[in-house]
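Residues per chain, in single letters:
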Amino acid sequence: QVQLVESGGGLVQAGGSLRLSCVASGRTFGSLSMGWFRQAPGKERELVATINWSGGSTYCADSVKGRFTISRDNAKNTVYLQMNSLKPEDTAVYYCAASNGGRRLWVRIDDYDYWGQGTRVTVSS
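Per chain, residues are indexed from 1 in the order of the written sequence. Selection of residues for local features in this predicted model requires a pLDDT of at least 70, selection of side-chain atom pairs for listing and counting requires 80 or more, and totals for whole chains, interfaces and linings are taken over all residues. The basis for every side-chain value is the complete set of non-hydrogen atoms in the structure, without hydrogens or water.

1. Structural notes on the state of the cysteines
Logical step 1: By disulfide we mean two sulfur atoms from cysteines, separated by a distance within 2.5 Å. Inspection of every chain in the model, using the stated rule, returns one disulfide.
Logical step 2: Shown here is the disulfide that connects Cys 22 with Cys 96, its sulfur atoms set 2.1 Å apart. Measuring handedness by torsion sign, the sulfur bridge of Cys 22 and Cys 96 sits at about -80 degrees and is left-handed. Here the residue Cys 22 occupies a position in strand β3 (residues 18-25), and Cys 96 occupies one in strand β9 (residues 92-99), the gap between them amounting to 74 residues.
Logical step 3: Overall, the relative accessible area of 0% leaves Cys 96 in the buried class.
Logical step 4: This cysteine, Cys 60, is not joined by any disulfide, and Cys 96 carries the nearest cysteine sulfur, 14 Å off. Elements are defined by DSSP. Helices are runs of H or I of four residues or more, strands are runs of E of two residues or more, and each kind is numbered from the N terminus. Accessibility here uses a 1.4 Å probe with only protein chains present; expressed as a share of the type maximum, an area under 20% marks a residue as buried, one over 50% as exposed, and anything in between as partly exposed.

Have a look at this one:
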């Protein structure tokens, strides 16, 4: 089992920045592929970014490309999502997820085995 705890959400003005963190416990973090998803009110959960076990491969959704960066620190069992130039449409609950298939990048919700409880991000205009 893997436990994931997100932090770093909050209220920010458009154009501002936030950094989300997700700390994992319960299994060797370095073997996991990690992802950030988000779910806005009334919308389906969608992939924001994903990173493989080593951090050598990453993927960001087109909607956040150039503004968001995913990274990880395996020594700290932590994955980050740096969010810059935030827009009101980025408002959502952000979820951290982990997949046992650490060597690949995973883009589907069903590819992930463990989920955090979510952290809320609100971007005001």
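Anyway, onward from the coordinates.
2. Quick notes on unusual backbone geometry
Note: most peptide bonds trans; most residues except glycine with negative phi.
Logical step 1: Here the phi dihedral of Asn 77 falls at roughly 55 degrees; this positive angle occurs in a residue that is not glycine.
Logical step 2: One can find Asn 77 in the loop between β7 (68-73) and β8 (78-83).
Logical step 3: We note that Ser 85 has phi near 50 degrees; this positive angle belongs to a residue other than glycine.
Logical step 4: Position of Ser 85 relative to the elements: it lies in the loop between β8 and β9.

3. Topic: the nonpolar core
Logical step 1: What is meant by a nonpolar core is a set of buried Ala, Val, Leu, Ile, Met, Phe, Trp, Tyr and Cys residues, joined one to another through side-chain atoms within 4.5 Å. Formed by 31 residues in total, the largest nonpolar core has its most connected members in Leu 4, Met 34, Trp 36, Val 79, Leu 81, Met 83 and Tyr 94.
Logical step 2: When contributions to this core are tallied by element, the ones reaching two or more residues are β3, β4 (33-39), β5 (46-51), β7, β8, β9 and β11 (119-124).
Logical step 3: Residues in contact with Val 79, not counting those within four places in the same chain, are Leu 20, Ser 21, Cys 22, Phe 29, Met 34, Trp 36, Ile 51, Ile 70, Ser 71, Arg 72 and Cys 96.
Logical step 4: In terms of nonpolar packing, the next biggest core, distinct from the first, is built from five residues, Leu 47, Ala 97, Trp 106 and Tyr 112 among them. Residue contacts follow a heavy-atom distance rule, with two residues in contact if any of their heavy atoms lie within 4.5 Å.

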